[in-house]
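A closer look at the structure
These are the residues of each chain, in order.
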Amino acid sequence: MSATRLALDPSRVGAEMAEFSRRMTRALEQLATIETGGEGCSLREEALRHGKTVLWRYGRMAADAGLPPLVICYALVNRPYMLDLQPDRSLIRGLLARGLDVYLVDWGYPDASDSGLMLDDYVNRQLGACIDHVRRAHGIAAVNLLGVCQGGTMSICHAALHPERVRNLVTMVTPVDFHTAENLLSKWVRKLDVERMVAALGNVPGALLNAAFIALMPLRLTAQKYAGLADIAEDRAALENFLRMERWIHDSPDQAGAAFREFIRGFFQENRLVRGGLVIGGRAVDPRAVCCPILNIYASKDHLVPPSASRPLAGLTGSRDYTAFEFDGGHIGIYVSRSAQELLPRTIAQWLQER
Amino acid sequence: MLTDQSRGSAAFLQRTLADYAQGYAGLVAALWGPMQSGKPDVSGLREMLVEPYRRLFTPPFLPVPPAAANVGAGAGPAFLRWQGAARRFAGVTSAIAVDASRRFAAALGQTGPDAPPITTLAELHALWIDCGEAAYAEAAHGDDFAAAQAELLAALVELRAAAP
């Protein structure tokens, strides 16, 4: 017989289990009655449509801060309404409340007809068309560009290829060095035969990527999360939050095959943004060509894009005005946690205001 | 074939929640007998807890294998490759489950100020998760895991190409 810290009283455990079952049943009943609504919660209008890409412009919520418009470039994976999930969890609202004029690049849902889209199409043509639209509409030479996650990597590339279009660059939870020791996703992806995968599938199913993201922490992101529902079974607002998050997590667009292959090879497998030799649309991408001010925001507990993957942006570019900001949280918490709601918009707005 | 297309639907969520609630209950069931004794032998729990861990480490994109009879003649080699890859990956996840179970039993066996008594199921479940994630993280960062996972995916892709 070995010593143990297990001090469970069987009768109490029985009661706890019964209560857990009751609460889970209650949570399921409640969830069945909740509608999570559309994509995002803030007023917006379509400013431009380019293929399946839509540029949204958000309605002003405060007096104009007098800054150039901020164009947000989201990732190709997952949907951008994570940035505007609900009124009290919205980075976009936080920015609007500080008088910023906010645009969002929404890549849409690629289908079979998009399987040949390449990074050139996304980084140069579509993002370029969005930025050009804003420049023309406002009569300005350059916009403020905020890239999120993979969208940050794409924004760095755009700024390197078109430095005259970007006045200030903000990157959020953005992978730059894909070969750091903590980057589990990269370790897996490096072994992937992406050529055969894309040849066989055409577009890469979003659900497959999603499964890979969940597999990074399979117990915390499944068993622990779902057992935690018992704790919020009587809290309808918390259940609504849960369902919105759950919907977002599983709302994964398929990835245009050619662009996916290019991104996996160039960034994940060959790490060319850091090592050099990255080419998009036949043009060399030299990060030293990015000379505008840079604010690099990363999350200390990010399991998807570890800080070590984001920090190397310092020193990689030609910018003499580089600021790093470490958020105490994870890859999702940086958008939706309570602490982020005030801190992130304030940090971004102040930094832009000072430039 | 590569993924469950119902993910994100209400029915999927209900199935998922029911499944994990069952897993939670399963932990209690495994411990029920030892608990009744008043002096549980935690080292004896190890084997019982391997299977629940193994289930959670199995990737959600792993489909149910088609019956060999349903695979066309041209897809035979792809099917064999898939079988081999699935077997290899199952071996990897089983090893992680054994390690997780060992860690869990060891954690339950700890005493002292850093290991307060566990008096609720919620605390037990949290420890179960911590031990599982620790074992998984260590293995998942290794070359064997990445290679087995990549081979599994490549075999699935080949099977799909051969028998769409």
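The paragraphs below set out a description of the structure included in this document.

With that out of the way, let us pick up the overall build of chain A. When helices and strands are counted, chain A shows 14 helices and 12 strands. Against the globule reference of 20 Å for 355 residues, chain A gives a C-alpha radius of gyration of 22 Å, in line with a compact fold. Expressed along its principal axes, the backbone C-alpha trace of chain A runs to roughly 70 × 50 × 40 Å. Sequence separation of at least 24 residues holds for 80% of the intrachain contacts in chain A that already meet a minimum separation of 6. Surface accessibility of chain A: about 13,300 Å² in total, with carbon and sulfur atoms responsible for 51%. Side chains of chain A give 40 positive and 39 negative charges; the mean places of these two sets differ by 3 Å.

A separate point is helix H9 (residues 236-250) of chain A. Owing to its 3.6 residues per turn, the α-helix aligns residues three or four sequence positions apart on the same side. Residues and elements named next belong to chain A. With 15 residues, H9 should cover 21 Å at 1.5 Å per step; its first-to-last C-alpha distance of 21 Å lies within 8% of that length. Taking burial as the measure, the 15 residues of H9 include 11 buried ones, the bulk of the element. For H9, every residue scored as buried is listed here: Ala238, Leu239, Asn241, Phe242, Leu243, Arg244, Met245, Glu246, Trp248, Ile249 and His250.

Another aspect to go through is unusual backbone geometry. Note: most peptide bonds trans; most residues except glycine with negative phi. All names here are of chain A. One non-glycine residue with positive phi stands out, namely Cys149, at about 55°. Summarising the element assignment, Cys149 is placed in the loop between strand E7 (143-148) and helix H4 (150-161). Among the residues examined, Cys149 registers a relative accessible area of 12% and is labelled buried.

Let us look at the packing of helix H2 (residues 46-57) of chain B against helix H3 (residues 76-109) of chain B. Residues and elements named next belong to chain B. Taken N-terminus to C-terminus, the directions of H2 and H3 make an angle of 130°; their axes are 8 Å apart at the nearest point. Judged by the angle between their axes, H2 and H3 are oblique. When you trace H2 past H3, the crossing you get is right-handed. Every residue of H3 that contacts H2 at Arg46, Leu49, Val50, Tyr53, Arg54 and Phe57 is listed here: Phe89, Thr93, Ser94, Ile96, Ala97, Val98, Ala100, Ser101, Arg102, Phe104 and Ala105.

All names here are of chain A. On the basis of which strands lie adjacent, the open sheet formed by 8 strands has the order E1-E2-E6-E3-E7-E8-E11-E12 and mixed pairing. For this open sheet the edge positions go to strand E1 (44-50) and strand E12 (322-327), each flanked by a neighbour on one side alone. On average, adjacent strands in this sheet sit at an angle of 20° to one another, irrespective of strand direction. Pairing between strand E11 (residues 294-299) and E12: 6 bridges, direction parallel. In the strand pairing of E12, Tyr298 is matched with Glu326.

We now examine the nonpolar core. Formed by 170 residues in total, the largest nonpolar core has its most connected members in Ile72(A), Met172(A), Tyr335(A), Phe104(B) and Leu124(B). The element best represented in this core is H3(B), accounting for 13 residues. Not counting residues up to four positions away in its chain, the partners in contact with Phe104(B) are Leu27(B), Leu49(B), Tyr53(B), Leu124(B), Leu127(B), Trp128(B) and Cys131(B).

Within the structure shown, the criterion is met by 39 salt bridges over all chains. Salt-bridge contacts for Arg196(A) lead to Glu158(B); the nearest nitrogen and oxygen are separated by 3.9 Å. Taken together, the residues span two chains, with Arg196(A) in helix H6 (residues 194-201) and Glu158(B) in helix H5 (residues 143-162). The partner of Arg265(A) in a salt bridge is Glu270(A), and the shortest N-O contact between them spans 3.5 Å. What makes Glu270(A) partly exposed here is its relative accessible area of 25%.

About the cut-offs
- Residues numbered from 1 in each chain as written.
- Chains lettered and ligands numbered in written order.
- Predicted model: local features only at pLDDT ≥ 70, side-chain atom pairs only at ≥ 80, totals over all residues.
- Heavy atoms only, no water.
- Helix = DSSP H or I, 4+ residues; strand = E, 2+ residues; numbered from the N terminus.
- Rg over C-alpha atoms; globule rule 2.2 N^0.38 Å.
- Contact = heavy atoms within 4.5 Å.
- Areas by Shrake-Rupley, 256 points an atom, 1.4 Å probe, with all protein chains shown as cover.
- Lys, Arg positive; Asp, Glu negative; His and termini not counted.
- Charge placed at Lys NZ, Arg CZ, Asp CG, Glu CD.
- Expected span 1.5 Å × (residues − 1).
- Buried < 20%, exposed > 50% of the residue type's maximum accessible area, 1.4 Å probe, protein only.
- Axes fitted to C-alpha atoms, helices over the stretch in contact; angles between N-to-C directions.
- Parallel < 35°, antiparallel > 145°, perpendicular 65-115°, else oblique.
- Left-handed = near helix turned anticlockwise from the far one by under 90°.
- Pairing = 2+ DSSP bridges.
- Core = buried A, V, L, I, M, F, W, Y, C linked by side-chain atoms within 4.5 Å.
- Salt bridge = Lys/Arg side-chain N within 4 Å of Asp/Glu carboxyl O.

Function-wise, these values are silent; they only describe arrangement.
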